[in-house]
Amino acid sequence: MARITVTVNGVRYEHDVPPRLPLAYYLRDVLGLTGTHVGCDTSSCGACTVLMDGKAVKSCTVLAVQADGSSITTVEGLAAPGSLHPVQEAFWEEHGLQCGFCTPGMIMAAVQLLDRNPSPTDDEIRRGLEGNLCRCTGYHNIVRAVKSAAAKLQSQAAD
């Protein structure tokens, strides 16, 4: 076992974990944050994407011990309880989800994309979401949702 200290969605945790425990399983099984989905266990699908110190990572291939000392944001931590982050709102409003399995990873990747590029083109959105797969083939609405989220975030910044 290895002792780790992580801050997840603003809450500090300390746990003894097996050295080979993936971060995704730590978040889901130890902390009960099941919004992070595990699809492929090989970093191919992106359903497990979370922000680690502000960078999108595929938590199925990051070990919990590698996150020691880091700040993690999951889809549950984007907004205050009972409210939605502008990216979450935009996915809801623009039907950027179908079955919803890929949605948490898509949203986390979109948050990082918009943090780095507040006004992306459609091509930049598609490139920014590479590595996050939607098996329902719904990319058109996902791109539209990210564009809508960009507009919402720019409007909030202007206020």
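Please read all numbers here as calculations on a predicted model, not as lab measurements.

Undergrad: Run through the overall build of the protein, naming residues and quoting values.
TA: A count of helices and strands for the protein gives five helices and five strands. Secondary structure elements of the protein, listed N to C terminal, follow the sequence β-β-α-β-β-β-α-α-α-α. On C-alpha atoms alone, the protein measures out to a radius of gyration of 15 Å, which is about the 15 Å that the 2.2 N^0.38 rule sets for 159 residues. Based on the C-alpha atoms only, the size of the protein along its principal axes is roughly 45 × 35 × 25 Å.

Undergrad: Account for the environment of serine 119, with residues named and values stated.
TA: Assignment of secondary structure puts serine 119 in the loop between α3 (103-116) and α4 (122-128). It is 7.7 Å that separates the C-alpha atoms of serine 119 and alanine 151, two residues lying 32 residues apart in sequence. Among residues more than four places away in sequence, those in contact with serine 119 are Glu124 and Gln154.

Undergrad: Requested: an account of the sheet that holds strand β2 (residues 11-17), with residues and values cited.
TA: Here five strands make up an open sheet; going across it, the order is β2-β1-β5-β3-β4 and the pairing mixed. Of all strands in the sheet, those bounded by a partner on one side alone are β2 and β4 (55-58). On average, adjacent strands in this sheet sit at an angle of 40° to one another, irrespective of strand direction. As defined by bridge partners, strand β3 (residues 49-52) adjoins strand β5 (residues 71-73) across two bridges and the pair is classed as antiparallel. In the strand pairing of β5, methionine 52 is matched with isoleucine 72. Contacts between helix α1 (residues 23-30) and the sheet are confined to β1 (2-8), β2, β3 and β5, with β2 contributing the most and set at about 105° to the helix. Its contacts with the sheet place α3 against β3, β4 and β5, and it is angled at close to 40° to β3.

Undergrad: Lay out unusual backbone geometry in plain terms, naming residues and giving numbers.
TA: Note on backbone geometry: most residues besides glycine have negative phi, and most peptide bonds are trans. One non-glycine residue, aspartate 41, adopts positive backbone phi at about 65°. If you trace the backbone, aspartate 41 turns up in the loop between α1 and β3. A positive phi angle, close to 65°, is found at serine 43, a residue other than glycine.

Undergrad: Before we move on, can you summarise the nonpolar core with the specific residues and values?
TA: One broad rule of soluble globular proteins: the nonpolar side chains tend to lie buried together. Counting 24 residues, the largest nonpolar core has Val87, Phe91, Met106, Ile107, Leu129 and Val146 as the members making the most contacts within it. Contributions of two or more residues to this core are made by α2 (86-93), α3 and α5 (139-158). The residues touching valine 146, leaving out its near neighbours within four places in the chain, are Phe91, Ala110, Leu113, Leu114, Ile125 and Leu129. Among the nonpolar cores identified, the runner-up in size contains 17 residues, and Tyr26, Val50, Val57 and Ala67 belong to it.

Undergrad: Break down the layout of surface pockets for me, with residues and values.
TA: It is the rolling of a water-molecule-sized probe over the atoms that shows where space remains empty. Taken as a whole, the largest pocket spans an internal volume of roughly 160 Å³. Around the largest pocket, the lining residues are Gly35, Val75, Leu84, Gln88, Phe91, Trp92, Leu97, Thr103, Pro104 and Ile107. Of the residues belonging to the lining of the largest pocket, the class tally is seven nonpolar, three polar and no charged.

Undergrad: Describe the packing of α2 against α5, with residues and values.
TA: When two helices pack together, their arrangement is captured by the angle between the axes and the distance separating the axes. The interhelical angle for the contact between α2 and α5, taken along N-to-C directions, is 140°, at an axis separation of 8 Å. Judged on the interaxial angle alone, α5 and α2 are oblique. Of the two possible hands of crossing, α2 and α5 adopt the one that is right-handed. Taken together, the residues of α5 that come into contact with α2 (itself represented by Pro86, Val87, Glu89, Ala90, Phe91 and Glu93) are Ile142, Ala145, Val146, Ser148, Ala149, Lys152, Leu153 and Gln156. Of the residues in the contact of α2 with α5, the class split is nine nonpolar, two polar and three charged.

What counts and how
Residues numbered from 1 in each chain as written. Predicted model: local features only at pLDDT ≥ 70, side-chain atom pairs only at ≥ 80, totals over all residues. Heavy atoms only, no water. Helix = DSSP H or I, 4+ residues; strand = E, 2+ residues; numbered from the N terminus. Rg over C-alpha atoms; globule rule 2.2 N^0.38 Å. Contact = heavy atoms within 4.5 Å. Pairing = 2+ DSSP bridges. Axes fitted to C-alpha atoms, helices over the stretch in contact; angles between N-to-C directions. Core = buried A, V, L, I, M, F, W, Y, C linked by side-chain atoms within 4.5 Å. Buried < 20%, exposed > 50% of the residue type's maximum accessible area, 1.4 Å probe, protein only. 1 Å grid on protein atoms, 1.4 Å probe; cavity = no way out; pocket = protein on both sides within 12 Å on 5 of 7 lines; lining within 4 Å. Points joined across faces, edges and corners; volume = space filled by probe spheres on them. Nonpolar A, V, L, I, M, F, W, Y, C, P; charged D, E, K, R; others polar. Parallel < 35°, antiparallel > 145°, perpendicular 65-115°, else oblique. Left-handed = near helix turned anticlockwise from the far one by under 90°.

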